Structure formats: structure tokens, C-alpha cells
Amino acid sequence: PFKRVLDLPKPGYLSFVNLTEAFVLFTMRRHYRIQMPRIREAIEYVEQELGVPHPLAFQEFKTDKVDLFVRMASGAAVNVSRRGQTHMDEVLTALERIEWRGKRPISLFPILAQRSDREERRPIRISPLVAFGRPVIAGTRVPTRAIWDRFQGGESVQALAEDYGISTEDIEEAVRAESDDIAA
């Protein structure tokens, strides 16, 4: 009753496009554990509505580990495994800031600064595996609260950066994280 996901050009032969499709399908199923009905729905939608032949090879997919999304020419994200439901870009960006181990989230990297590079930078890490889940400067075990306390005590950002061997930008993010927390 189900349509095959991959159609081979000639029986017994595998093109590079087919190999790419098989790799993407394998990754979606094994690595991200996307359910096959969602993948089929996404493939069908991208083929029919977006006119992309061989979507698994020629379309860049994003996932929240449940659904599949593509970016339209306008830059908007569309949920193609739910027949084109629009999706908020901020949600996808936020979901990409969660680190997973298997099926469990193990870290998250909050967005603190209102800057254009905020999606790429991950200066603050929160993980139950580090500092009992308290926010730390990513790549270290230095709690943001320790930075905040010393900053409130009158120490300069530059002096703190030198003491911890961390960039001044990361020290500023730690201070911002704590001041945002206090304000909230």
C-alpha cells in the first residue's frame, strides 16, 4: 500500500543521486529517528508543491527530531512533513541550541544577546552534567554566577577575562546572563 521512497533508475544500478538519497534517508531514520510516514509526507510535499525532483538529494532539510522543515526562497521555514505548515524561524533556531545524547537533551545554550551573530555563538551552557545544572561559560566549568559576583564586587571585565583565561566577550555574556536572570 505504500509508495517506495527511493526509485532506482534501472534494476540493479545505483546512481550517485540514489546513493545520496539513501544516505539522507538513513540519517533521518537512524540518527534523528524521524518516523517513515513523516518522511514520506515531506518527500511528497516537496516533489509536488515545490517541484523538486529527488528531494532527499536536492533539498536541504532541517529537523526538530519529529518533523522535517525546508527554507523557502523568502527565508521562512516550512514544515514539509505536515503539508507545508509554516513555522517560526525562532523556534527552529532555538531547537538547534539543544545538545542531544541519544534521545535525551544534555545541554542547552541560551540566546542572550540581541545581535546578528547570536545564533552562531554559544557562550553560555546549561547542563545537568556540569556544575549541578548551573549556567557556566561554555567550554569551561566557570559558573556565570561567580563572574557576576566578582563583577558586582567591582572587578573589570578585562581583569576577569585575564584571571579565567576567557575572552572579554564571554565574560560580558556571563554578566548579561546573570543580570537578565536577576531582572526576570
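Treat the numbers as computed from the prediction; the structure is a model and nothing was measured. (Residues numbered from 1 in each chain as written. Predicted model: local features only at pLDDT ≥ 70, side-chain atom pairs only at ≥ 80, totals over all residues. Heavy atoms only, no water.)

## Regarding the overall build of the protein chain
Working step 1: Along the protein chain, the regular secondary structure elements total 7 helices and 8 strands.
Working step 2: The buried share among the 184 residues of the protein chain stands at 32%.
Working step 3: Here the analysis covers contacts within the protein chain between residues at least 6 apart in sequence; of these, 39% occur between residues at least 24 apart.
Working step 4: A total of about 11,600 Å² of accessible surface is found on the protein chain, and carbon and sulfur atoms cover 54% of it. (Helix = DSSP H or I, 4+ residues; strand = E, 2+ residues; numbered from the N terminus. Buried < 20%, exposed > 50% of the residue type's maximum accessible area, 1.4 Å probe, protein only. Contact = heavy atoms within 4.5 Å. Areas by Shrake-Rupley, 256 points an atom, 1.4 Å probe, with all protein chains shown as cover.)

## Structural notes on the pattern of salt bridges
Working step 1: Counted under the stated rule, the structure contains 10 salt bridges.
Working step 2: In this structure, the salt-bridge partner of E41 is R83, at a minimum N-O distance of 3.2 Å. Here E41, found in helix α2 (residues 36-50), pairs with R83, found in the loop between β3 (77-79) and β4 (85-87); they are 42 residues apart in sequence, far enough to count as distant.
Working step 3: Residue classification places R83 among the partly exposed residues on the basis of a relative accessible area of 37%.
Working step 4: Salt bridges sharing common partners tie together R38, D67 and R82. (Salt bridge = Lys/Arg side-chain N within 4 Å of Asp/Glu carboxyl O.)

## Some remarks on the confidence of the model for the protein chain
Working step 1: The pLDDT averaged across the protein chain works out to 80; a share of 77% of its residues lies at or above 70.
Working step 2: At the low end of the mean pLDDT range in the protein chain sits helix α4 (residues 89-95), at 56; at the high end sits helix α6 (residues 157-164), at 95.
Working step 3: Every residue in residues 115-119 scores below 50 in pLDDT, and together they form 9 contacts with partners more than four places removed in sequence or on other chains. (pLDDT = per-residue confidence, 0-100.)

## Things to note about the packing of helix α5 (residues 144-152) against α6
Working step 1: Where α5 meets α6, the axes come as close as 10 Å, and the angle between the chain directions of the two elements is 140°. Judged on the interaxial angle alone, α6 and α5 are oblique. For the element pair α5 and α6, the recorded crossing hand is right-handed. Taken together, the residues of α6 that come into contact with α5 (itself represented by A146, I147, R150 and F151) are V157, L160, D163 and Y164. (Axes fitted to C-alpha atoms, helices over the stretch in contact; angles between N-to-C directions. Parallel < 35°, antiparallel > 145°, perpendicular 65-115°, else oblique. Left-handed = near helix turned anticlockwise from the far one by under 90°.)

## Observations regarding the pairing of strand β2 (residues 68-71)
Working step 1: In this sheet, β2 lies alongside strand β1 (residues 62-63) in antiparallel orientation, the contact comprising 2 bridges. Residue T63 lies in a different strand from β2, and its bridge partner there is L68.
Working step 2: Connecting β2 to the antiparallel partner β3 that follows it, the hairpin turn spans 5 residues, and G75 within it adopts a positive phi of roughly 100°. (Pairing = 2+ DSSP bridges.)

## Thoughts on α2
Working step 1: Helix length check: α2 (15 residues) gives 20 Å between terminal C-alpha atoms against 21 Å at 1.5 Å per residue, within 8%.
Working step 2: Within α2, the full set of buried residues consists of M36, I39, A42, I43, Y45 and V46. (Expected span 1.5 Å × (residues − 1).)

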